[in-house]
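Tertiary structure, described
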Amino acid sequence: MDLNNVNDNITRRIQAMNERVAAARQAGLYFYNQPVSELHGGAHVLVNGREMGMFASYSYLGLIGHPRINAAAKAAIDRYGSGTHGVRTLAGSLALHKELEETIAAFKSAEASVVYTSGYVTNLAVISTLVGREDYVISDKLNHASIVDGCLMSGAKFLRFKHNDMAALEERLKQCPPDSARLVVADAVFSMDGDVIDLPKIAALCRQYNAWLMVDEAHSVGVLGKTGRGIEEHFNLPGVIDIKMGTLSKTIPSVGGYIAGRRELIEYLRHASRAYIFSAALPPAQAAAAKAAFEVILDEPWRVEKLNVNAAQFIKGLKARRFDTLATETAIVPVVCGADEVAYSMTRYCQLRDTFVLPVVSPAVPVGLARLRATVTAAHEPDEIERAMDVIEQAGLELGVIQ
Ligand SMILES: *Cc1c(COP(=O)(O)O)cnc(C)c1O
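Considerations on helix 14 (residues 340-352)
End to end, helix 14 covers 19 Å across 13 residues, agreeing with the expected 18 Å (1.5 Å per residue, within 8%). Listed in full, the buried residues belonging to helix 14 are D340, A343, Y344, M346, T347, Y349, C350 and Q351. The elements touched by buried residues of helix 14 are strand 3 (50-54), strand 11 (332-338), strand 12 (355-356), strand 13 (359-360), strand 14 (370-375) and helix 15 (382-398). Looking one or two residues past helix 14, D354 carries a phi angle of roughly 65°, positive in sign.

A short note on the site of the ligand
Around the ligand sit 15 residues in total, of which Y120, D216, H219, S249 and K250 are the nearest. Within the side chain of H144, a nitrogen or oxygen atom sits 3.4 Å from a nitrogen atom of the ligand. A total of 380 Å² of accessible area belongs to the ligand in isolation, and the protein chains cover 86% of it. At 3 residues, helix 5 (residues 119-130) tops the list of elements feeding residues into the shell around the ligand. Across the shell around the ligand, the residue classes tally to 2 nonpolar, 10 polar and 3 charged.

Considerations on the domain arrangement of the protein
According to the domain assignment, the protein contains domain 1 (28-57 + 301-398) and domain 2 (67-299). Computed from C-alpha coordinates alone, the two centres of domain 1 and domain 2 are separated by 27 Å. If you look at the interface, domain 1 gives 16 residues, while domain 2 gives 20 residues. Between domain 1 and domain 2, a total of about 1,300 Å² is buried, with carbon and sulfur atoms accounting for 59% of that surface.

What about the pattern of salt bridges?
Taken as a whole and assessed by the stated rule, the structure comprises 21 salt bridges. Ionic pairing is found between E386 and R321, a salt bridge with its closest N-O pair at 3.3 Å. Of the two residues, E386 is situated in helix 15 and R321 in the loop between helix 13 (302-320) and strand 11; the sequence distance between them amounts to 65 residues. R321 gets classed as buried once you look at its relative accessible area, which sits at 10%. The network of salt bridges with shared partners includes R321, R322, E386, D390 and E393.

Criteria and thresholds
- Residues numbered from 1 in each chain as written.
- Predicted model: local features only at pLDDT ≥ 70, side-chain atom pairs only at ≥ 80, totals over all residues.
- Heavy atoms only, no water.
- Helix = DSSP H or I, 4+ residues; strand = E, 2+ residues; numbered from the N terminus.
- Expected span 1.5 Å × (residues − 1).
- Buried < 20%, exposed > 50% of the residue type's maximum accessible area, 1.4 Å probe, protein only.
- Contact = heavy atoms within 4.5 Å.
- Near = heavy atom within 4 Å.
- Polar contact = N/O pair within 3.5 Å; in protein donor to acceptor, adjacent residues only side chain to side chain.
- Areas by Shrake-Rupley, 256 points an atom, 1.4 Å probe, with all protein chains shown as cover.
- Nonpolar A, V, L, I, M, F, W, Y, C, P; charged D, E, K, R; others polar.
- Domains from an automatic or database assignment.
- Buried area = accessible area lost by both parts, 1.4 Å probe.
- Salt bridge = Lys/Arg side-chain N within 4 Å of Asp/Glu carboxyl O.

Structure (structure tokens):
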């Protein structure tokens, strides 16, 4: 295809994005896809040859490179090799997959669990398997893209409610016809804002209106709850979530996604969800790493405690420096900058001073609420957090975000 001689929609879309990216690169305001060459244990990274403080990590408990997890992955390769014989349903299931699923079920206080090869695919697969044309799926407006895509793919009637607004959710539930199937889906911790879904109310409403409740714990496992088991532990409401979804790619330093819940639900997904039946099994090294990571979280409870202390220091410190951090209560801390360009300039200022933060701009967040999406982890020390906040403060003063 000669892009210069065709002018159809496909070509136009490709050209428009290429022009936008090239313009940002030329202005020195392109920060995505930067090659990280060394991870340096979680608190630091080597980016383009520069050592930077890492404040854009999802590895909340600092488990990347943990010796026990690395050893488990290496042993799995020695025992099983690097791949599987295809899909789980046929020859791809290993004893290791079963052990991982039992570990997850125990960690999440559920009867059973099933793993998929990514968190994104898990949401797509599960929502589209559970609901269809005649049904209703109700989603928080700030839910992750993978939830939105799963809702669209399902073909169910797709209703959205104002972020974390339980009166708005109740309105939506009342809109569903009496005998219709309803699935309510929400993030536990919202990935751009760091705030926590009102689990007591959402669970009560789901009970009252006979709706299934699915909660995505991508940023909740290892973060919420005294022992890091997630949002049910945080609110002391064991068992109120019907469909507990999580990823193996954030706190858990591997890749994949899981659903934990009732035995019948998991059995159904294993035999009905297309991403399980038509896509190959998780590789042995990743399954073994994930299993070891759940065990490390329980064996090293200081990590969850340290994450909480670090998050509190970061939120308090940025607020004291007069930044708007929205309603965050967790390790994800939005530093609101305003216009997209201001967020880009803030990022450049920080990265030039070896503080690795990244901008999130529209359409990922509303226009005017562009931000640095900063995170802290259990791998940071208090003085490193203080230094990063000083850099962010200088950037904010320089660019007029704060006075
Ligand atoms: C990252 C994320 C996912 C997707 O998980 P992956 O394992 O990266 O595919 C799903 N939901 C939320 C809320 C996320 O933040």
